[in-house]
Amino acid sequence: MLEFADNHHTDRLTLFAEVILPLAIAKNYTYRVPYEMNDAVAVGKRVMVQFGKSKLYTAIVAGIGTEAPQKYEAKYLLEVLDDRPVVTQQQLEFWKWLADYYLCNVGEVMAAALPAALKLASETKIMLNPDGNIDRSLLHDKEFLIVDALDIQPILSVSDIVKLLGQKIVMPVLKSMFDKNIIHISEEVSERYKPRKRSYIKLNSLYNEPDMRRELFAELERRAPKQADAVLAYLKLSREQPLVSKNDLMEASGASAAIIKALSDKEVFYIEERNVSRLYYEEFDLAANFELSEAQQNALTDIQNHFKEKEVVLLHGVTSSGKTEIYIRLVEEALHAGKQVLYLLPEIALTTHVIERLRKYFGNDIGVYHSRFNDNERVEVWQKVLNHEYKVVLGARSAVFLPFDNLGLVVVDEEHETSYKQFDPAPRYNARDAAIYLAGRYQAKVLLGSATPSFESYFNARTGKFGLAEITERFGGVSLPEIEVVSITEETKKKTMQSHFSSVLMNDIQTALTNKEQVILFQNRRGYAPVLVCRVCAFTPKCINCDVSLTYHKSSAHLHCHYCGYKEESLSVCPACGSTHLEYKGFGTEKIEDELQVLLPDARIARMDLDTTRARNAYQNLLNDLEEKRIDILVGTQMVAKGLDFADVTVIGIINADSLLKYPDYRANERSFQMLAQVSGRAGRRGKQGKVVIQTYNPQHRVIGQVISNDYKELYLSEIDERKNFKYPPFYRIIQMDIKHKDAEKLHYQAEYLAVELRKHFGDRVIGPEYPLVSRIRNFYIKSIMLKFEKDNISIVKVKSVIRDVILQFQTTQLSKGCIIQPDVDPY
DNA sequence: AGCACGCCGACT
DNA sequence: GTCGGCGTGCTC
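The name given to chain A in an unreviewed UniProt entry is Replication restart protein PriA, with Mucilaginibacter terrae as the source organism. Within the UniProt record for chain A, the comment given under Sequence similarities (unreviewed entry) is "Belongs to the helicase family. PriA subfamily." As its UniProt record puts it under Subunit (unreviewed entry), chain A is described as follows: "Component of the replication restart primosome."

Q: Run through the overall build of chain A, naming residues and quoting values.
A: Counting its regular elements, chain A contains 27 helices and 35 strands. Relative to its full complement of 828 residues, chain A shows a buried share of 55%. Contacts in chain A between residues far apart in sequence, at least 24 positions, make up 73% of those at least 6 positions apart. For chain A, the computed accessible surface area is about 37600 Å², with 49% contributed by carbon and sulfur atoms.

Q: I'd like a description of the sheet that holds strand S22 (residues 551–553), backed by residues and values.
A: With respect to topology, 3 strands assemble into an open sheet ordered S22-S23-S24, the strand pairing being antiparallel. Pairing within the sheet leaves two strands with one partner each, and these edge strands are S22 and strand S24 (567–569). Strand-to-strand, the axes of this sheet are offset by a mean angle of 35°, without reference to chain direction. Where strand S23 (residues 558–560) and S24 come together, 3 bridges link them in antiparallel fashion. The residue of S24 that forms the bridge with His560 is Lys567.

Q: I'd like a rundown of the UniProt feature "binding site: Zn(2+) 1" (unreviewed entry) in chain A, residues and numbers included.
A: Per the UniProt record, "binding site: Zn(2+) 1" (unreviewed entry) is annotated on Cys534, Cys537, Cys574 and Cys577. The largest pairwise C-alpha distance within this set of annotated residues, which runs over 44 residues, is 8.6 Å, so the set is compact in three dimensions. Position of Cys534 relative to the elements: it lies in strand S21 (residues 531–534). On the accessibility criterion, Cys534 (1% relative accessible area) is buried. Among residues more than four places away in sequence, those in contact with Cys534 are Phe539, Cys574, Cys577, Ser579, His581 and Leu582. In this fold, Cys577 is placed in the loop between S24 and strand S25 (582–585). For Cys577, the residues in contact, after removing those within four places along its chain, are Cys534, Val536 and Cys537.

Q: Tell me about the packing of helix H1 (residues 89–101) against helix H2 (residues 106–113), and name the residues and values.
A: Where H1 contacts H2, the two axes come as close as 8 Å, and the packing angle between them is 120°. With respect to their mutual orientation, H1 and H2 come out oblique. The element H1 and its partner H2 pack so that their crossing is right-handed. Counting all contacts with H1, which are made through Trp95, Lys96, Leu98 and Ala99, the residues of H2 involved are Val106, Val109, Met110 and Ala113. Residue composition of the contact of H1 with H2, by class: 7 nonpolar, no polar and 1 charged.

Q: Explain the nonpolar core residue by residue, including any values.
A: Phe94 and Trp95 are the most contacted members of the largest nonpolar core, which totals 98 residues. Formed by 34 residues, the second largest nonpolar core is a distinct cluster that contains Leu358, Ile366, Val392 and Leu409.

Q: I'd like a rundown of helix H13 (residues 375–386), residues and numbers included.
A: Between its first and last C-alpha atoms H13 spans 16 Å; for 12 residues at 1.5 Å apiece the expected length is 16 Å, and the two agree. Following H13 by one or two positions, His388 has its phi on the positive side, about 65°.

Q: Hey, could you go over unusual backbone geometry for me, with residue numbers and the actual values?
A: For Lys495, which is not glycine, the phi dihedral falls at a positive 60°. By the element assignment, Lys495 lies in the loop between helix H16 (488–493) and helix H17 (503–514). We classify Lys495 as exposed; its relative accessible area is 72%. A positive phi angle, near 65°, is found at Ala538, a position not held by glycine. For Ala538, a relative accessible area of 53% translates into the label exposed.

Q: A description of the sheet that holds strand S3 (residues 46–51) should follow, citing residues and the corresponding values.
A: Taken together, 5 strands build an open sheet; the order of strands is S2-S1-S4-S3-S5 and the sheet is antiparallel. What marks the edges here is a single partner per strand, and that holds for strand S2 (29–33) and strand S5 (79–80). Running over the sheet, H1 touches strand S1 (15–20) and strand S4 (55–65) and is turned about 105° from S4.

Q: Give a detailed account of the protein's contact with DNA strand B, specifying residues and quantitative values.
A: All residues adjacent to DNA strand B are Leu23, Ala24, Ile25, Ser54, Lys55 and Tyr57. Sugar plus phosphate, as a fraction of atoms of DNA strand B within 4 Å of the protein: 73%. Here a phosphate oxygen of DNA strand B sits 3.5 Å away from a polar atom, N or O, in the side chain of Lys55. Class assignment of the residues belonging to the surface near DNA strand B gives a composition of 4 nonpolar, 1 polar and 1 charged.

Q: Let's hear about H1: which residues, and what values?
A: Look at H1: 18 Å from first C-alpha to last across 13 residues, which is about the 18 Å you get at 1.5 Å a residue. Listing the buried residues of H1 in full gives Gln91, Leu92, Phe94, Trp95, Trp97, Leu98, Ala99 and Tyr101.

Q: Which residues make up the pattern of salt bridges, and what values do they have?
A: Side chains bearing opposite charge may pair, as long as their charged atoms lie close to each other. Applying the stated criterion to the full structure yields 20 salt bridges. Between Arg607 and Glu590 there is a salt bridge, and its shortest N-O distance comes to 3.8 Å. Here Arg607 is found in strand S26 (residues 605–608), whereas its partner Glu590 is found in helix H18 (residues 589–599), with 17 residues between them in sequence. Residue Arg607 is classed as buried on the basis of its relative accessible area, which comes to 11%. Between Arg604 and Asp632 there is a salt bridge, with its nearest N and O atoms 3.0 Å apart. You can see Arg604 sitting in the loop between H18 and S26 and its partner Asp632 sitting in the loop between helix H19 (618–627) and strand S27 (633–636), a full 28 residues away along the chain.

Q: Please provide a residue-by-residue account of the packing of aromatic side chains, values included.
A: Counted according to the given criterion, the structure contains 12 aromatic pairs. Taken together, a centroid distance of 6.3 Å and an interplanar angle of 70° make the contact between Phe51 and Tyr57 edge-to-face. Judged by relative accessible area, Tyr57 falls into the buried class, the value being 16%. Between Tyr552 and Tyr584, the aromatic rings sit 4.3 Å apart at their centres with planes inclined by 20°, giving stacked as the arrangement. Taken together, the positions of Tyr552 in strand S22 and Tyr584 in strand S25 put the pair 32 residues apart, joining distant regions of the chain. Lys27 extends its terminal NZ or CZ atom over the ring of Tyr29, reaching a point 5.0 Å from the ring centre. Across from the ring centre of Tyr369, 5.7 Å away, lies the NZ or CZ of Arg378, which sits over that ring.

Cut-offs applied
- Residues numbered from 1 in each chain as written.
- Chains lettered and ligands numbered in written order.
- Predicted model: local features only at pLDDT ≥ 70, side-chain atom pairs only at ≥ 80, totals over all residues.
- Heavy atoms only, no water.
- UniProt positions renumbered as here; feature names shortened; annotations may be inferred.
- Helix = DSSP H or I, 4+ residues; strand = E, 2+ residues; numbered from the N terminus.
- Buried < 20%, exposed > 50% of the residue type's maximum accessible area, 1.4 Å probe, protein only.
- Contact = heavy atoms within 4.5 Å.
- Areas by Shrake-Rupley, 256 points an atom, 1.4 Å probe, with all protein chains shown as cover.
- Pairing = 2+ DSSP bridges.
- Axes fitted to C-alpha atoms, helices over the stretch in contact; angles between N-to-C directions.
- Parallel < 35°, antiparallel > 145°, perpendicular 65-115°, else oblique.
- Left-handed = near helix turned anticlockwise from the far one by under 90°.
- Nonpolar A, V, L, I, M, F, W, Y, C, P; charged D, E, K, R; others polar.
- Core = buried A, V, L, I, M, F, W, Y, C linked by side-chain atoms within 4.5 Å.
- Expected span 1.5 Å × (residues − 1).
- Near = heavy atom within 4 Å.
- Polar contact = N/O pair within 3.5 Å; in protein donor to acceptor, adjacent residues only side chain to side chain.
- Salt bridge = Lys/Arg side-chain N within 4 Å of Asp/Glu carboxyl O.
- Phe/Tyr/Trp six-rings, centres within 6.5 Å; stacked < 30°, edge-to-face > 60°.
- Lys NZ or Arg CZ within 6 Å of the ring centre and 35° of its normal.

Following this line, the structure appears as structure tokens:
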């Protein structure tokens, strides 16, 4: 960074500003500050600059100096956009660290960190604020011109406005219009985030009295028979489901909205609007002044003690152990100390439900930061954090970029969630790790919470880098579910299996249905059958791109590749030998659903997997159906393990645990344990005893034993030993990989494929690759690579190519920049 | 990220 | 003979 210049009496001093552009370019650029802006320019303020031939960008001033660049003539800054910095020095340093750690450019971090409205560029779209009532008489000439143009053409770009006004510098005008809420600024047309609402009907409790009810019916029968029908339909529905929605009632009774309105006007019905955000979490509402249970209190004391010497504490508490209450206590503590709090949640959990609960405690001190919010709202949160109006920010991963200056505590709930990691555009950061680093900068404490901690966090806790607090019992005496392991081998011998369902599972399903409770069945594969085989010649249809067997989907009658999405019509004749004896082998969610429906013709069965949730709102609709008990049994993939919590789901069936137990890489146990434990944790709520049935061919499998005892310790101790071997004397390992993608050569994105292959071995510790490198290592197929394992580093040493079959020696740093494998996460 | 320059395949 | 594909390099 350039030296700081004395900003006083600088009228005649020539200043140069080093700026960060929101682009993937390697370094910062230097612009000359016009004399008249000498006083206005400052580190952290936004400036308009021209970059390249015609593009205008918003850049952030990263440094100010007095020395003119030697090798080129600096252009002038066009404008200083802010009266005071919008980005703090702390943030700039955080960006730099992030760019370095995740191998990208600071500009890319800036692009991810700033809400779109703070980084206007010439292609940025401008539109009228649909909510604003514009008093045109108060507008200046230029503003009037813009509003007028937007009336005719609702979306204009900044460059359109440059043409419209006939002047180059339009940002001040646009900025003031944005501040006055006249216009919206956006890169794309952003959807406004609205909590989903649903209307529910309640009968006036007056009519629970038999006499009153009889009187009501007599009256209605006589004067409004349709209304009587509606009330009758309501009574019937309310016996079947706890909540009757307006839509249900209209459907069931054929009543129109007018009829329901009339009944509500007569105060026979009450209509209640409720937020539909049923995901996640302990179902009971927090009492206004809750008391911690003994277990919670012990965990809290543990955490507080650990915080005396450790920066990070992992709270490992079983599902429903009441972790949220502990977070709230800690947040209160931090607030009393006058500090800011960052509370991170995975995207899926950030629902109005959770937000409301926390708002109840912290009132207007709490801000919510979410990618689904529109940009104006995001800028508002940004500003309010900057002004200290928000003391607590509840947010998804991008909330780590907010301008905190007095952070005291970071809570990362569900820290194992993979959605904390951003994959697609750089920076490919993990918000959990970034938050740990961020907290370190402020000497703030971090609490990681999970029922199924990630490997690295548990490792760090077990080896003493993090503190560890545990809660092993559920809150309020809700008991842990009973887990029964069923040997498929044995039941097959006894001939008690009905299709894929053991007698144990069938019994439990039946019992649940009789008690009007619900069931979730977990099957780790979607589609109908993962393989189609010719019984005569053993031919199997394979994907033409990926060389994996195609999965049969009954609903589409097509064979699908689950890797690349390739699709072809299903076969009735073997293309190799002409035989018609084609057999579907294995089973997926579709088949489970089908066969269960045959066995239980009256049950209402639904399926939740990628195929049924692709449509907009399909996922939400399924959840609503489950909540409102229009579904008895839900069959699903991974998806059902994430955050679903419903009071009446008492039985969970894992159709075949074996597909989870056979991952080849060393993180297998972690993943399968997490998945099984997450699924199991969903059974039983509100005083109901839950039951988990695990069907398997390997009842003795280590991981199954650990799931039963919920024993993370045992699971990890052996893994940690294995990990230690990685750490000590450096050794080399060759990984074979076979990259067969048809397009690999054409696309040249070898590093991308390298990354895909490496991820199979090392999971998401593999990061990259970055574009500039990709183009340098293209034009050959990677056959094998040699990795060097050292204490704190795993690096790529050699790459063997297929085409010329020669070993190419790369500079480790050069190649590893394209695709690096991180050692244990260590943000310090 | 954009944009220009430059070098090889299918076309009025 | 040109148009246009994308590969490469540059932007203060």
